[in-house]
Amino acid sequence: MRVIAGKARSLRLKTPEGMDTRPTTDRIKETLFNMLQPYLCDAVFVDLFSGSGGIGIEALSRGAKHAYFVEHEKKAQACILENLRFTHLADQATLLKTDVLSALSGIHEREADIIFMDPPYDCGHEVRVLAALREFPWVTEDTLIVIETSLQTDLSYLEELGFSLEKEKRYKTNRHLFCRKK
């Protein structure tokens, strides 16, 4: 896995050992960031369920001003810190070493521009996180929320929770949903 573009372009990132994380492939990451690029300049980026930190690091490399990484697994936390040091992006990052729901209250921004979440597939984390996100003032109608899920994950409850689906990008094994708070 590597950084695709920007100031840390082509640098190889480490991934945590074991099967606890599913790093986003370079091809999918490139497609995702081609869609996100117009929103990245000076953005506050929130990477939930960060794993290796590859998504948040890509955002920083491409122009985000600050990224929050949320990860509760110790091996993944160490990997994120190592990747941030290696890419020289650590001074633009905050690592919140706790579960996602607890970490949300540790984000102190006027507004988050982009929130990316890639929870373990088919465990129902999306509904709990979205229900929590709607309560935070830093999640506004302008905040773009990107959810990576399996193709089978049911997100028909988005409207009921107060979010509108703007776009869906399907791949062979997963998809990205782009939504905003209503």
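These lines cover the structure that appears in this document, whether it is placed above or below.

1. Observations concerning the packing of aromatic side chains
Reasoning step 1: Tallying each qualifying case throughout the model produces two aromatic pairs.
Reasoning step 2: Pairing phenylalanine 33 with phenylalanine 45 gives two aromatic rings, centres 6.4 Å apart and planes at 25°, and the pair type is stacked. Linking phenylalanine 33 in helix 1 (residues 26–36) with phenylalanine 45 in strand 1 (residues 44–48), this pair joins segments that are 12 residues apart in sequence. Of the two residues, phenylalanine 33 and phenylalanine 45, both sit in the buried class.
Reasoning step 3: Residue placement shows arginine 180 over the ring face of tyrosine 39; its charged tip is 5.8 Å from the ring centre.

2. Overview of the nonpolar core
Reasoning step 1: In this structure, Leu48, Ile115, Met117, Leu130, Leu133, Trp138 and Ile145 are the most contacted members of the largest nonpolar core, which totals 30 residues.
Reasoning step 2: Going through the elements one at a time, strand 1, strand 2 (66–70), helix 4 (100–103), strand 4 (114–117), helix 5 (125–133), strand 5 (144–150), helix 6 (158–161) and strand 7 (174–181) are the ones with two or more residues in this core.
Reasoning step 3: Discounting chain neighbours no more than four positions away, the residues touching methionine 117 are Leu48, Phe49, Glu126, Val129, Leu130, Leu133, Ile145, Val146, Ile147 and Glu148.
Reasoning step 4: Formed by 29 residues, the second largest nonpolar core is a distinct cluster that contains Val3, Leu36, Ile57 and Phe69.

3. Quick look at the pairing of strand 4
Reasoning step 1: Neither face of strand 4 is left uncovered, since the one carrying Ile114 and Phe116 and the one carrying Ile115 and Met117 both have all their residues buried.
Reasoning step 2: Across four bridges, the pairing between strand 1 and strand 4 is parallel. The residue of strand 4 that forms the bridge with leucine 48 is methionine 117.
Reasoning step 3: The sheet contact formed by strand 4 and strand 5 spans four bridges and is parallel. Directly across from phenylalanine 116, in strand 5, lies its bridge partner valine 146.

The rules behind the values
- Residues numbered from 1 in each chain as written.
- Predicted model: local features only at pLDDT ≥ 70, side-chain atom pairs only at ≥ 80, totals over all residues.
- Heavy atoms only, no water.
- Phe/Tyr/Trp six-rings, centres within 6.5 Å; stacked < 30°, edge-to-face > 60°.
- Helix = DSSP H or I, 4+ residues; strand = E, 2+ residues; numbered from the N terminus.
- Buried < 20%, exposed > 50% of the residue type's maximum accessible area, 1.4 Å probe, protein only.
- Lys NZ or Arg CZ within 6 Å of the ring centre and 35° of its normal.
- Core = buried A, V, L, I, M, F, W, Y, C linked by side-chain atoms within 4.5 Å.
- Contact = heavy atoms within 4.5 Å.
- Pairing = 2+ DSSP bridges.

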